[in-house]
Structure formats: structure tokens, C-alpha cells
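# Coordinate analysis (summary)
The chain contents come next:
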Amino acid sequence: MALTVALCWGLTAGCSFGDSPEPKKAAAQQQRFCAQFGQWQQDDATHDVDSVSAQMVVDAAKVLDREHLDTDGSHILRDTEEAVVRHSHYSAVRVTTYCDRAGFEMLVASP
């Protein structure tokens, strides 16, 4: 382990021990989540929302949670569930903020 740490310490690009996904894969997962949340927002605004679209958003949030893609201490899975199941305004704001910080603010509406 000490040798691995020493080798990683000397590399300028750093080392990955499998704790974080590839940047392109992470961005694709975040984009998918934000697009699905944005679609759910549109469906909800027109009262055309169903349990399938809500479940798709929650499933996408589970992927972000599993891959540790929460940012700045967010609780994306909990906030998503609260937003889509209980229609929590404050949770929807936090989810929208997450998408904004991830660079996908254009995919979601400001609550």
C-alpha cells in the first residue's frame, strides 16, 4: 500500500482507486438525471405526470447516489424522492441547484 501511495504521490495526473467514475460517464449520468427531472417538472406543471416518469427520475437519482455523484454535501436521492413523491418545493430547489452546479441548468426549470 505504501508503494502504491508513493507512486500515486509522484504522478502529476493523480491516481484513482475506483472511488469515482470516469468524468465522461459521470457527466452523462448527471445529464440523464437532470433531463429526466426536467421532463418530470414539465409533466407535473401540466398535470400529466404519472408514476412511471416519477420512478424514472428516482431511478436516475439512485444511480447518482450509488456512484457518489452528490456534490457539495447534497442528498440527491432523498431530495429527488421528496420532490417527485411529496411535491416538496424546497427539495425541488435543491435538485435544481444540483443540476445547475453540474452544468445542466438548461435541462431543468427553476421551481
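Just so we're clear, the structure is a prediction, and the values are computed from it rather than from any experiment.

### Focus on the overall build of the chain
Counting its secondary structure elements, the chain contains 5 helices and 0 strands. Scanning the chain from its N terminus toward the C terminus, one meets helices and strands in the order α-α-α-α-α. Counting only contacts in the chain whose residues sit at least 6 apart along the sequence, the fraction spanning at least 24 positions is 56%. In the form shown here, the chain has an accessible surface area of approximately 7300 Å², with 55% of it arising from carbon and sulfur atoms.

### Topic: the side chain of Ser-91
Considering the arrangement of structural elements, one finds Ser-91 in helix H5 (residues 89–102). Beyond its immediate chain neighbours, meaning those up to four positions away, Ser-91 contacts Asp-79, Glu-82 and Ala-83.

### Looking at the environment of Gln-29
Tracing the sequence through the fold places Gln-29 in helix H2 (residues 23–45). Among residues more than four places away in sequence, those in contact with Gln-29 are Val-63, Leu-64, Glu-67 and Leu-69.

### A closer look at the confidence of the model for the chain
Detailed reading of predicted coordinates is not advised where the pLDDT is low. Here the chain averages 80 in pLDDT, while 77% of its residues score no lower than 70. Taken together, the stretch residues 1–18 has pLDDT below 50 and engages in 3 contacts with residues farther than four places along the chain or on a different chain.

### So, the nonpolar core
Buried together is how nonpolar side chains tend to be arranged in soluble globular proteins. Among the nonpolar cores identified, the biggest contains 22 residues, and Phe-33, Phe-37, Val-84 and Tyr-98 are the most heavily contacted of them. Put simply, the parts of the chain that give this core at least two residues each are H2, helix H3 (51–66), helix H4 (76–85) and H5. The greatest single-element share of this core, amounting to 6 residues, is contributed by H3. Among all residues touching Val-84, those that are not within four sequence positions of it are Phe-37, Trp-40, Ala-54, Val-57 and Val-58.

### Quick word on the pattern of salt bridges
Applying the stated criterion to the full structure yields 2 salt bridges. The salt bridge involving Arg-94 is made with Asp-79; its shortest N-O contact spans 2.9 Å. Here Arg-94 is found in helix H5, whereas its partner Asp-79 is found in helix H4, with 15 residues between them in sequence.

### Quick word on unusual backbone geometry
Phi at His-68 is positive, roughly 60°, even though this residue is not glycine. Within the secondary structure, His-68 is located in the loop between H3 and H4. The exposure class of His-68 is exposed, given its relative accessible area of 63%. Within the chain, His-87 stands out as a residue other than glycine whose phi angle is a positive 55°. You can see His-87 is positioned in the loop between H4 and H5. Judged by relative accessible area, which is 46%, His-87 ranks as partly exposed.

Analysis parameters
- Residues numbered from 1 in each chain as written.
- Predicted model: local features only at pLDDT ≥ 70, side-chain atom pairs only at ≥ 80, totals over all residues.
- Heavy atoms only, no water.
- Helix = DSSP H or I, 4+ residues; strand = E, 2+ residues; numbered from the N terminus.
- Contact = heavy atoms within 4.5 Å.
- Areas by Shrake-Rupley, 256 points an atom, 1.4 Å probe, with all protein chains shown as cover.
- pLDDT = per-residue confidence, 0-100.
- Core = buried A, V, L, I, M, F, W, Y, C linked by side-chain atoms within 4.5 Å.
- Buried < 20%, exposed > 50% of the residue type's maximum accessible area, 1.4 Å probe, protein only.
- Salt bridge = Lys/Arg side-chain N within 4 Å of Asp/Glu carboxyl O.

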